[in-house]
Amino acid sequence: AETMKKMAEYGIAITQQPNFTYTLEGRYVDYLDGDRLEHNNPLRTPMNHGVHVAISGDILPIGPMVGIYAAVTRKGLSGRVFAAEEALSAMEALQAYTLYGAYLSFEENVKGSIEPGKLADMIVLDQDLIDIDPAHIMETNVLQTWLGGKLVYERQDQGGT
C-alpha cells in the first residue's frame, strides 16, 4: 500500500495485463500463494490508491477480449475467481485499454477516445461490452476496424447485418 501511495504521489502510471490472470492461471497457482495468488495483476487496488492504471496484453491470445473478460470477471482459465474485489466494470476496462493506454504514451490528446480532432482509430463490435453478461465477452467479434477515419477491415460473415 505504501508503494502505491508513493506511485500516486509521484504520478507513476502502470499498465497491467489481466489476460495473464486468465492465460497463466496454472503458473500462478503453482508458484504463488495467499494474497500474492489472489491479487495477481491487481487492478482495483492501485486505482484505489490513485495510481493511473492502463490495460494491455503482451502474451497470447492476441486481442483484448480475454483481457477485458479477466478484468471484469477476475476469472482464470478454469473459471476460478481471483480476488473479485480487484475487478473493474466493463466501462473501466474499456477506458483502461483505450484512453488510459493513450495517456501512458503521451497521446491522449490525439487518440484513446472518440472526440473531434482525434485520429478516429476505432473498432465496431457485434455486442455492447457494457451491457452484455460478462460471461459472453470473449464471444465478441470485431465487425469493422477504422484507422484515421478510414475503414481498413470489415468482417465478411456478419450474418445479414
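Residues numbered from 1 in each chain as written. Predicted model: local features only at pLDDT ≥ 70, side-chain atom pairs only at ≥ 80, totals over all residues. Heavy atoms only, no water.

Peer 1: Is there a simple way to explain the nonpolar core in this structure?
Peer 2: Side chains of nonpolar character tend, in soluble globular proteins, to be buried together. Among the nonpolar cores identified, the biggest contains 23 residues, and Ile-55, Ile-68 and Ile-137 are the most heavily contacted of them. Every element with two or more residues in this core is listed here: β2 (53-55), α6 (65-73) and α7 (90-97). Counting residues per element, this core draws most heavily on α6, which supplies 7 residues. Membership of the second largest hydrophobic core comes to 5 residues, among which are Phe-20, Leu-24, Tyr-28 and Leu-37. (Core = buried A, V, L, I, M, F, W, Y, C linked by side-chain atoms within 4.5 Å. Buried < 20%, exposed > 50% of the residue type's maximum accessible area, 1.4 Å probe, protein only. Helix = DSSP H or I, 4+ residues; strand = E, 2+ residues; numbered from the N terminus.)

Peer 1: Got a minute to help me understand the environment of Asp-126 in this structure?
Peer 2: On the secondary structure map, Asp-126 appears in the loop between β3 (122-125) and β4 (142-147). Here the alpha-carbon distance between Asp-126 and Ala-83, two residues 43 residues apart in the chain, equals 30 Å. Contact partners of Asp-126, with chain neighbours within four places excluded, come to Glu-139, Thr-140, Asn-141 and Leu-143. A distance of 2.9 Å separates a polar atom in the side chain of Asp-126 from the backbone nitrogen of Asn-141. (Contact = heavy atoms within 4.5 Å. Polar contact = N/O pair within 3.5 Å; in protein donor to acceptor, adjacent residues only side chain to side chain.)

Peer 1: Please explain the packing of aromatic side chains as it appears in this structure.
Peer 2: Any pair of aromatic rings gets described here by the distance separating the centres and the angle formed by the planes. If you walk through the whole model with that rule in mind, you get 1 aromatic pair. Each ring, one from Tyr-22 and one from Tyr-69, has its centre 5.9 Å from the other, and the planes form 90 degrees; the classification is edge-to-face. Placement of the pair is Tyr-22 in helix α2 (residues 19-23) and Tyr-69 in helix α6, with a sequence separation of 47 residues. Across this residue pair, the class does not change: Tyr-22 and Tyr-69 are buried. (Phe/Tyr/Trp six-rings, centres within 6.5 Å; stacked < 30°, edge-to-face > 60°.)

Peer 1: I'm lost on the sheet that holds strand β5 (residues 150-154) in this one. Help?
Peer 2: Spatial strand order, β3-β4-β5: 3 strands in an open sheet with antiparallel pairing. On the outer flanks of this sheet lie β3 and β5, each paired with one strand and no other. Sheet twist, expressed as the mean angle between neighbouring strand axes with direction ignored, is 20 degrees. As paired elements, β3 and β4 share 4 bridges and run antiparallel to each other. Pairing of Leu-125 across the sheet is with Val-142, part of β4. (Pairing = 2+ DSSP bridges. Axes fitted to C-alpha atoms, helices over the stretch in contact; angles between N-to-C directions.)

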